[in-house]
Amino acid sequence: MKKTPFLLALAALSTASAADLPASATAAAPDVAAALVQIRAGEASCALVKDGALVAEGLGAGILPLLALLDERGADMEGADLVDKIVGRAAAMIAIEGGVRSVTALVMSEDARDMLQAHGIVVHARTIVPQILNRHFSGRCPMEQAVYEIDDCSAGIEALRAKLASMNGL
């Protein structure tokens, strides 16, 4: 069977552990490794590590937990290490807006990697994929589509909020 980006991403999510990431991703911050274990176990969707301690975590679907961290714990994001299961352009915009210093992910899109690095954010990912797909794997994730042509992170986050509201019938 040919290993497509989709199959590689599924494999990354189903078999990943902290040991699968580059040593540089977890050596300087052992709590990043602990956060990855929690994410892999389904106990968290994303987490913030700062000054060697787990300071916040979110649990839920899609970008909602990450948006909640930005809204409720924005000050904690500044200079923190963000650990997330899947990071695409939408999540990258939130990370940039929050001022994180690094992002560690099991799966990251090429676009997110490039955007984060362009903002001086250190990136660690087990698997890099061309794009983040929707839950049916039939096309681009709707959150990614909402920010596809937006470069300004503040404008991107507003577009994400509008997309979430329209999806929830608000």
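Everything discussed here concerns the structure shown above.
Computed from a prediction, not measured in an experiment: that's the story for all the values here. (Residues numbered from 1 in each chain as written. Predicted model: local features only at pLDDT ≥ 70, side-chain atom pairs only at ≥ 80, totals over all residues. Heavy atoms only, no water.)

## Regarding the nonpolar core
Here's step 1: Counting 48 residues, the largest nonpolar core has Ile94, Val103, Met108 and Leu116 as its most contacted members.
Here's step 2: Setting aside chain neighbours within four positions, we find Met108 in contact with Val87, Val103, Arg113, Leu116, Val123, His124, Ala125, Thr127, Ile128 and Val129. (Core = buried A, V, L, I, M, F, W, Y, C linked by side-chain atoms within 4.5 Å. Buried < 20%, exposed > 50% of the residue type's maximum accessible area, 1.4 Å probe, protein only. Contact = heavy atoms within 4.5 Å.)

## Structural notes on the environment of Asp114
Here's step 1: Within the fold, Asp114 resides in helix H6 (residues 110-118).
Here's step 2: Between the C-alpha atoms of Asp114 and Ala92, which are 22 residues apart in sequence, the distance is 9.6 Å. (Helix = DSSP H or I, 4+ residues; strand = E, 2+ residues; numbered from the N terminus.)

## A short note on the sheet that holds strand S1 (residues 46-50)
Here's step 1: Read from one edge of the open sheet, five strands run S2-S1-S3-S4-S5, paired in mixed fashion. Edge positions in the sheet fall to strand S2 (53-58) and strand S5 (122-129), since each has one partner strand and no second. The mean angle between the axes of side-by-side strands here comes to 15 degrees, regardless of whether they run parallel or antiparallel.
Here's step 2: Pairing of S1 with S2, which is carried by five bridges, proceeds in the antiparallel orientation. Bridging from a neighbouring strand, Lys50 pairs with Ala53 of S2.
Here's step 3: Along the sheet, H6 makes contact with strand S3 (81-87), strand S4 (102-109) and S5, crossing S4 at roughly 160 degrees. (Pairing = 2+ DSSP bridges. Axes fitted to C-alpha atoms, helices over the stretch in contact; angles between N-to-C directions.)

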